[in-house]
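Given next are the chains, with one letter for each unit.
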Amino acid sequence: QVQLVESGGGLVQAGGSLRLSCAAAGRTFSSYDMGWFRQAPRKEREFVAFISRNGGNTYYADSVKGRFTISRDNAKNTVFLQMNSLKPEDTAVYYCAARSRPGVVTRPRDYNYWGQGTQVTVSS
C-alpha cells in the first residue's frame, strides 16, 4: 500500500558519487522493509541493498559493500542510497522496492511494490 518514486540518477565519472532518493506516498512507510535493486541491459534484476523498517538493520550485496550506504528517514517517507567510488559496472537502472513482511530478503519476487527506476551511468 505504498507508491514509490526514485530520483537522483545521472552520469558520473568512475570514482565519483551519487545519492539516490526514493520518495514514498503514504503514512505507513515505516511498516515496510525497503530494498534497492538494479538492472543492466540484457541482465536480470539484482539485489543491491536492504534496510529494515526502523533502519536498524542493513545488508549489502558483496559487489557494493564498503562503497554504498542505504539509509532512511521515516519522518520524510524517504529511503536513500549513497553511492561512492562508482565503477562502470555499477551502470544500471536503479529501483526502489518495498516489502510488507519483515526480514532480510534479496529476491525481487519477494518485494511487493516498485518504483519506476532511475538511470545511473558511470563512464570510464
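Nothing here was measured: the structure is a model prediction, and the numbers come from that model.

Caption draft 1: Local environment of the state of the cysteines. Under the definition given, this model contains 1 disulfide. The disulfide partner of C22 is C96, and the S-S distance across this bridge is 2.2 Å. One quick way to see it: the torsion about the S-S bond of C22 and C96 is about -80°, and its sign makes the bridge left-handed. Linking C22 in strand β3 (residues 18–25) with C96 in strand β9 (residues 92–99), this pair joins segments that are 74 residues apart in sequence. When its relative accessible area of 0% is taken as the criterion, C96 is described as buried.

Caption draft 2: The packing of aromatic side chains, seen in detail. The tally for this structure, following the rule as stated, stands at 7 aromatic pairs. Members of the aromatic cluster, each reached through a chain of ring pairs, are F37, F47, Y59, Y95, Y111 and W114. Here the guanidinium or amino end of R45 rests over the ring plane of Y95, the centre of that ring lying 3.8 Å away. Between R72 and the ring centre of F29, over which it is positioned, the NZ or CZ distance is 4.4 Å.

Caption draft 3: Quick peek at the pattern of salt bridges. Within the structure shown, the criterion is met by 4 salt bridges. Linking D90 and R38 is a salt bridge whose minimum nitrogen-to-oxygen distance equals 2.9 Å. Of the two residues, D90 sits in the loop between β8 (78–83) and β9 while R38 sits in strand β4 (residues 33–39), which places them 52 residues apart along the sequence. Note on D90: relative accessible area 1%, which makes it buried.

Definitions and limits used
Residues numbered from 1 in each chain as written. Predicted model: local features only at pLDDT ≥ 70, side-chain atom pairs only at ≥ 80, totals over all residues. Heavy atoms only, no water. Disulfide = S-S within 2.5 Å. Helix = DSSP H or I, 4+ residues; strand = E, 2+ residues; numbered from the N terminus. Buried < 20%, exposed > 50% of the residue type's maximum accessible area, 1.4 Å probe, protein only. Phe/Tyr/Trp six-rings, centres within 6.5 Å; stacked < 30°, edge-to-face > 60°. Lys NZ or Arg CZ within 6 Å of the ring centre and 35° of its normal. Salt bridge = Lys/Arg side-chain N within 4 Å of Asp/Glu carboxyl O.

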